[in-house]
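# Observations on the model geometry
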Amino acid sequence: DFKLKSLTPRMITVWKSVPPRKISLWKDRKKLFPMTELNKHPSIRQITSFINSSSDPPNHIKNFGMITNKLDTLSDQSTTEALIQSLARSGATEELERLYRDAKSLFNLSMRTHNSMIQFYKESGQPTRCFETFDDLIASGAKPNLFVWTSIISASSKFKHDRLVDLLHQMKAFRVQPDQFLQETIKFAVGKMMKQFLQENRPQDALDLFEDNFGYMKSNLIAWNQVIQSVMELNRHEQVPDVMHRMEAEGIHPNERSWNNFIHGLFRQGKYEDALHHLSDMTRRNIAHVYPFP
């Protein structure tokens with residue numbers, strides 16, 4: 001009395017594999033899900049299959065009291081972890097928090113499950129829980145894989161958190177060999193953190209972060225310009241020519257922003273003759289002014 005098109009392919013497969021006399025229907029919000037008469041409530045594995053086969057985030061799943069009842073006894077680690085990962089993707093906060101807390105006390109959770117929780121806390125805007133989850137993983141003696149490193153560094157970038165500095169040091173301690181995606185994540189995070197340090201009037205921290213991650217940032221023109229800005233804010237204008245020489249040695253040519261950061265810094269410091277000299281040099285190089293000089 002129902003249409004098969006209302007079921008996903010996975011549900012249809014399960015439906016056809018069970019003898020007709022053993023089948024009853026569980027219905028919720030126009031969703032049909034097969035279950036046997038021997039098990040009046042779908043198992044965690046069935047719920048997990050349903051979550052993974054649904055095209056829309058099944059936020060209504062968190063309202064089912066049967067999930068809460070099932071979580072009182074966690075006996076199968078693989079099923080429990082699959083449910084954690086599914087709920088993390090669906091955003092079922094209350095059930096996920098409880099399940100994760102209980103599962104941690106019973107099992108040595110996998111890397112994938114920890115990464116799912118890091119991603120969940122990142123997306124839900126919970127930096128403290130995000131870093132606590134990563135610390136739990138480290139405390140367990142596990143060596144984070146590239147997916148975990150990418151997630152936690154991306155999270156530190158999103159939250160503009162000083163923890164990024166420690167994470168990058170930890171990566172070196174673990175001798176991590178980043179893949180291309182992780183390298184790009186590090187470049188973005190370091191550049192964003194340098195900008196944050198400059199906005200907080202912490203130019204030395206910006207310089208230290210750049211030097212500590214020089215291998216990632218040496219081809220990033222924006223980062224080099226932030227270095228020049230940091231040097232000028234530290235009143236070390238005599239170091240800027242050396243910075244520009246380092247840039248050129250790496251195949252990066254100072255642009256109009258590089259020169260403007262330098263010359264404006266000289267004007268602000270009252271070094272007008274030096275500023276005019278470099279302004280003339282800038283003009284000879286046919287480099288445009290980004291904004292007017294005083």
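Up top you'll find the structure we're talking about.
A short tour of the structure in this document, coming up. Being a predicted model, the structure only gives us computed values, none of them experimental.

### Remarks on the nonpolar core
Among the nonpolar cores identified, the biggest contains 61 residues, and I152 and I153 are the most heavily contacted of them. Per-element accounting of this core gives the leading share, 8 residues, to helix α10 (residues 180-199). Not counting residues up to four positions away in its chain, the partners in contact with I152 are I118, C130, F131, F134 and L167.

### Overview of unusual backbone geometry
In this model, K160 sits at a positive phi of 50 degrees, which is unusual for a non-glycine residue. Positionally, K160 belongs in the loop between α8 (146-158) and α9 (163-173). K160 gets classed as partly exposed once you look at its relative accessible area, which sits at 41%. Positive phi is not limited to glycine here, since N201 has a value of about 60 degrees.

### Considerations on the packing of helix α11 (residues 203-212) against helix α13 (residues 221-233)
Interhelical geometry of α11 versus α13 gives an angle of 140 degrees and a closest axis separation of 9 Å. The orientation of α11 with respect to α13, classified from their angle, is oblique. The two elements α11 and α13 meet at a crossing, and its hand is left-handed. Where α11 approaches α13, its residues P203, A206, L207 and F210 are matched on the opposing element by A223, W224, V227, S230, V231 and E233.

Conventions and cut-offs
- Residues numbered from 1 in each chain as written.
- Predicted model: local features only at pLDDT ≥ 70, side-chain atom pairs only at ≥ 80, totals over all residues.
- Heavy atoms only, no water.
- Core = buried A, V, L, I, M, F, W, Y, C linked by side-chain atoms within 4.5 Å.
- Buried < 20%, exposed > 50% of the residue type's maximum accessible area, 1.4 Å probe, protein only.
- Helix = DSSP H or I, 4+ residues; strand = E, 2+ residues; numbered from the N terminus.
- Contact = heavy atoms within 4.5 Å.
- Axes fitted to C-alpha atoms, helices over the stretch in contact; angles between N-to-C directions.
- Parallel < 35°, antiparallel > 145°, perpendicular 65-115°, else oblique.
- Left-handed = near helix turned anticlockwise from the far one by under 90°.

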